[in-house]
Structures are given as structure tokens and as C-alpha cells.
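Structural overview for review
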Amino acid sequence: MVILVEPKDQKYDPRGVANYILDCCEMGGIAISNLKLQKIMFFVEGWHSATLGRQLIDADFEAWDYGPVISTIYHSFKSWGSEAIEGRAKAINLKDGSTAPVKVNLPSDTVDLISFILARYGRLAPAKLVELSHVKDGPWDQVMRIEPSERKTSRISQDAIRDFFSKKIRSRTC
């Protein structure tokens, strides 16, 4: 059984997006850890927002020590540690209490973009993905540069993500 989660305002449940990425990686023979999944989801969100003009994931990224993280995704897959994820994020069926993997039906332009991102970043080592997500003046860096005592939140704004990736497109430093 699978639980299909409908998008809210065309933003998709992060568990369903993560499961879709994991399915693609499995089919392509790409091992993906929680850390690597977080970074790929960040790049998917950034490129999606910048190129397609809309937010994909219905969740905020937070600035954690090892880069941008969606906390619900972290907690869904933390049991795998640094090993390749072999399961899928699940949701509870409120009618009977059972759990099942979350699935989303993504539009074709999003599917194409995820394929592009996986071709570009999917086989990179987690350390390289951390380096790319920690780039100076990037969205993660902007939050982390604020003194912890002065930081009201670790949330990375969607505007900062979109603007950063839009600038990369304009400067052709993709």
C-alpha cells in the first residue's frame, strides 16, 4: 500500500519528494545516505524555484552544521546513519493507524529537473555536496554567519534559495 499525498498550493510533501528521489537513485544504482539526500533535495528545490518559478517542497530548509536540512526528512531516515537508505518515508493512515510510503505525482517538468539534478550531483561524494551547499554567501552561509546568540531561527528563507540559484543561472556558474 502507498499513501498518495496531494500537493498544497502545488508544493509537495517532502517525504514524497524524498521517496521519489530515492526511487530514481535506486533505479540508477546510486547509493544515497541521509546527508546526501538532504543536499540533493536542497539543489532540487533551488534549481526548481529558479528555473520553474515555483517552490517544490512544502517545508523549510534549516541551516544545520552539515548544510541545509529538512528536519522531517532527517528524522524519517536517521536510523540509516551514514549508510545508504534502503527504506522510504512513511505516513500514518488516520483511518486505520497503518503506515505506508508517501508517494507524490510530480509534473513532467519537475521529473525532468530531478533527472538533471541527479545526473549532475547524484554520484558526487557527500563531502563534495556539503562543500557545494556551504558556498560563501550562499543561503546556508547567510544563516550560519549570524552569531548563534543573535540568530532568531535557523530557517533558510525560500527567497534566499531562489535568489542564489537565479544568480547562478544568470552568471552561468551552474
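Quick look at the structure, then. (Residues numbered from 1 in each chain as written. Predicted model: local features only at pLDDT ≥ 70, side-chain atom pairs only at ≥ 80, totals over all residues. Heavy atoms only, no water.)

This part covers the overall build of the chain. On a plain count of helices and strands, the chain comes out with 7 helices and 6 strands. Listing the helices and strands of the chain from first to last along the sequence gives β-α-α-β-β-α-β-β-α-α-α-β-α. The C-alpha atoms of the chain give a radius of gyration of 16 Å, which matches the 16 Å a tight globule of 174 residues would have. When the backbone C-alpha atoms are referred to their principal axes, the chain occupies close to 45 × 35 × 35 Å. For the chain, the proportion of its 174 residues judged to be buried stands at 43%. Looking at the chain alone, contacts between residues at least 24 apart form 72% of all its contacts between residues at least 6 apart. A total accessible area of about 9,400 Å² is found for the chain, and carbon and sulfur atoms account for 52% of it. Averaged over its 24 positive side-chain charges, the chain has a centre that lies 3 Å from the centre of its 22 negative ones. (Helix = DSSP H or I, 4+ residues; strand = E, 2+ residues; numbered from the N terminus. Rg over C-alpha atoms; globule rule 2.2 N^0.38 Å. Buried < 20%, exposed > 50% of the residue type's maximum accessible area, 1.4 Å probe, protein only. Contact = heavy atoms within 4.5 Å. Areas by Shrake-Rupley, 256 points an atom, 1.4 Å probe, with all protein chains shown as cover. Lys, Arg positive; Asp, Glu negative; His and termini not counted. Charge placed at Lys NZ, Arg CZ, Asp CG, Glu CD.)

A separate point is the environment of threonine 153. Among the structural elements, threonine 153 can be located in the loop between helix H6 (139-144) and strand S6 (155-156). Residue threonine 153 is classed as partly exposed on the basis of its relative accessible area, which comes to 46%. A polar atom in the side chain of threonine 153 sits 3.0 Å from the backbone nitrogen of arginine 155. (Polar contact = N/O pair within 3.5 Å; in protein donor to acceptor, adjacent residues only side chain to side chain.)

Where helix H2 (residues 34-52) contacts helix H4 (residues 108-121), the two axes come as close as 10 Å, and the packing angle between them is 130°. Taken as axis vectors, H2 and H4 run oblique relative to one another. Regarding H2 and H4, the two cross each other, and that crossing is right-handed. Listed contacts from H4 to Lys36, Ile40, Phe43, Val44, Trp47, His48, Thr51 and Leu52 of H2 are Asp109, Thr110, Leu113, Ile114, Ile117, Leu118 and Tyr121. (Axes fitted to C-alpha atoms, helices over the stretch in contact; angles between N-to-C directions. Parallel < 35°, antiparallel > 145°, perpendicular 65-115°, else oblique. Left-handed = near helix turned anticlockwise from the far one by under 90°.)

Quick look at the pairing of strand S5 (residues 99-103) now. As paired elements, strand S4 (residues 90-92) and S5 share 3 bridges and run antiparallel to each other. Note on S5: the bridge partner recorded for alanine 91 is alanine 100. Hairpin geometry of S4 and S5 is characterised by an intervening segment of 6 residues between the two adjacent antiparallel strands and by a positive phi of about 80° at glycine 97. (Pairing = 2+ DSSP bridges.)

Okay, the layout of surface pockets next. Quantified by volume, the largest pocket comes out at close to 220 Å³. Lining the largest pocket are Asn34, Leu35, Gln38, Lys39, Trp64, Asp65, Tyr66, Val69, Tyr74, Lys78, Gly81 and Ser82. Its residues assigned to classes, the lining of the largest pocket comprises 5 nonpolar, 4 polar and 3 charged. (1 Å grid on protein atoms, 1.4 Å probe; cavity = no way out; pocket = protein on both sides within 12 Å on 5 of 7 lines; lining within 4 Å. Points joined across faces, edges and corners; volume = space filled by probe spheres on them. Nonpolar A, V, L, I, M, F, W, Y, C, P; charged D, E, K, R; others polar.)

Our next topic: the sheet that holds S6. Neighbouring strands of a sheet are bound in pairs by backbone hydrogen bonds; such pairs are parallel or else antiparallel. One open sheet accounts for 3 strands, arranged S3-S2-S6; its pairing is antiparallel. Taken across any chain shown, the strands that pair with only one partner, and hence form the sheet edges, are strand S3 (67-69) and S6. As paired elements, strand S2 (residues 61-64) and S6 share 2 bridges and run antiparallel to each other. Bridging across to S6, glutamate 62 finds its partner in arginine 155. Across the sheet, H2 touches S2 and S3, and the angle it forms with S3 is around 85°.

On the secondary structure map, serine 49 appears in helix H2. Given a relative accessible area of 4%, serine 49 falls into the buried group. A polar contact is formed between the side chain of serine 49 and the side chain of glutamine 158, at a distance of 3.3 Å. Those residues in contact with serine 49, other than ones at most four positions away along the chain, are Arg54, Gln158 and Arg162.

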